[in-house]
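# Understanding the architecture of this molecule
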Amino acid sequence: MLAILAHPTTATWILTRELSKSPEGAWSISVIIAAAGQNEIVELGVIIGVAVGAQLLAHRLRIPSILLLIIGGFIIGPLTGWIDPDRLFGDLLLPLVSIAVAIILFEGGLTLDLRELSDGVTGAVSRLLTVGLLVTWALGAVFAYVLFDLSAQLAILLGAVLVVSGPTVVLPILRNIRLRGRVESVLRWEGIAIDPIGVLLAVLVFEAVVAGQRPTLGEAVVTFATMVGVGALVGVLAIAVGRARFGRAIPFGPFLAAATMLTVIFADPLADGIRDW
């Protein structure tokens, strides 16, 4: 028990490995995970253990890790009810998700290279972010309306949400299939650039068809410009502070990674606060 409390991730992995060697042990795994609902530390350990295990298994099977992460999250969450994120994290759930998305987009942005934007790549990415977005939105709304018997409003909203491919899906797939050249650059740029556009589209559609507010084109442009402007401003300030603090003596190694991560975590809520203000 002390081992679980002190190192829940390691202990969960060890217990799962050892107990799964026998039928009785496999049944005991369910008991242990079900009992995790009584201890938030163990629940966190189960979440981290499942996440790490899914990544390792995906690497071994050479498949995108996002597939196993979705399956694992669905099993320990909605399917079995072993872990309830709303109860576990409470009001911190949405801020944690927001920070996690910011970290994912930041990490994905580090893989972008402006030198890749040749004429062919720029044109393809532009068409995917405009024509491709509209086509995906329209088809998603139609299929949601026809197949799932949703109302027209909810179908339009679901179509807007589904336009986002996102770096969490695209980047792992690209790493596994190991594309090279122009196709890889186009897919990577589109997967990262469409994320903020899709978020804005979903918010505007939600306000228009669900909340009853109908923003004009000018209001939508102002909202998008505000999001981009505030994000760019906070990013530039973070860079300026880092250079003023360290100058050219950039601290490489683990400290650099930790400092960069803390900067991103701090910059995201700061940008949200400035934008809302």
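This text follows the structure it describes.
Throughout this document, residue positions are counted from 1 along each chain, in the order its sequence is written. Predicted model: local features are reported for residues with pLDDT of at least 70 only, side-chain atom pairs are reported and counted for 80 or more only, and whole-chain, interface and lining totals are derived from all residues. Computation of side-chain values: all heavy atoms of the structure, hydrogens and water removed.

### Digging into the overall build of the chain
- Each helix and strand counted, the chain has 13 helices and zero strands in total.
- The secondary structure elements of the chain, listed N-terminal to C-terminal, are α-α-α-α-α-α-α-α-α-α-α-α-α.
- A burial count over the chain gives 26% of its 277 residues as buried.
- Using the Shrake-Rupley algorithm and a 1.4 Å probe, accessible areas are obtained, with residue cover drawn only from the displayed protein chains. Here the chain has roughly 18,000 Å² of accessible surface; of this, 71% comes from carbon and sulfur atoms. Numbered from the N terminus, helices here are DSSP runs of H or I no shorter than four residues, and strands are runs of E no shorter than two. Accessibility here uses a 1.4 Å probe with only protein chains present; expressed as a share of the type maximum, an area under 20% marks a residue as buried, one over 50% as exposed, and anything in between as partly exposed.

### Things to note about a nonpolar patch on the surface
- Residues qualify for a patch when their relative accessible area is over 30% and they have no salt bridge, like charges being joined within 9 Å and the nonpolar side chains of Val, Leu, Ile, Met, Phe, Trp and Tyr within 5 Å. Salt-bridge detection follows one rule: a side-chain nitrogen of Lys or Arg within 4 Å of a carboxyl oxygen of Asp or Glu. Together, Val131, Val135, Leu139, Val142, Phe143, Tyr145, Val146, Leu147 and Phe148 line one region of the surface with nonpolar side chains, adding up to about 950 Å² of accessible area.
- Within the element layout of this structure, valine 135 appears in helix 8 (residues 119–147).
- Under the relative-accessibility criterion, valine 135 is labelled partly exposed at 43%.

### A short note on the pattern of salt bridges
- A full pass over the atoms with the stated rule returns two salt bridges.
- Taking the shortest distance from any N to any O, the salt bridge between glutamate 43 and arginine 87 comes out at 2.4 Å. Residue glutamate 43 is found in helix 4 (residues 40–61), and its partner arginine 87 is found in helix 6 (residues 85–89); the two are separated by 44 residues along the sequence.
- On the accessibility criterion, arginine 87 (42% relative accessible area) is partly exposed.
- Ionic pairing is found between glutamate 184 and arginine 188, a salt bridge with its closest N-O pair at 2.8 Å. Taken as a pair, glutamate 184 and arginine 188 lie in helix 11 (residues 182–210) at a separation of four residues, close to a single helical turn. Here glutamate 184 matches arginine 188 in class, with each residue buried.

### A few points about the side chain of arginine 188
- On the basis of relative accessible area, arginine 188 is assigned to the buried category, the value being 6%.
- By definition in these notes, contact holds between two residues if any of their heavy atoms fall within 4.5 Å. Not counting residues up to four positions away in its chain, the partners in contact with arginine 188 are Thr111, Leu112, Glu116, Leu171 and Leu174.

### A closer look at the packing of helix 4 against helix 5 (residues 65–79)
- Working convention: axes come from line fits to C-alpha atoms, limited for helices to the stretch in contact. Angles between N-to-C directions cover 0 to 180 degrees. Running from N to C, helix 4 and helix 5 cross one another at 145°; their axes reach a closest spacing of 8 Å. Judged by the twist between their axes, the crossing of helix 4 over helix 5 is right-handed. Listed contacts from helix 5 to Val50, Ala51, Ala54, Gln55, Leu57 and Ala58 of helix 4 are Ser65, Leu68, Leu69, Gly72 and Ile76.
- In terms of residue class, the contact of helix 4 with helix 5 is made up of eight nonpolar, three polar and no charged. Crossing handedness is defined as follows: a turn of the near helix away from the far one that is anticlockwise and smaller than a right angle gives a left-handed crossing, while the clockwise case is right-handed. Following the grouping adopted for this structure description, the nonpolar residues are Ala, Val, Leu, Ile, Met, Phe, Trp, Tyr, Cys and Pro, the charged ones are Asp, Glu, Lys and Arg, and the polar ones are all others, Gly among them.

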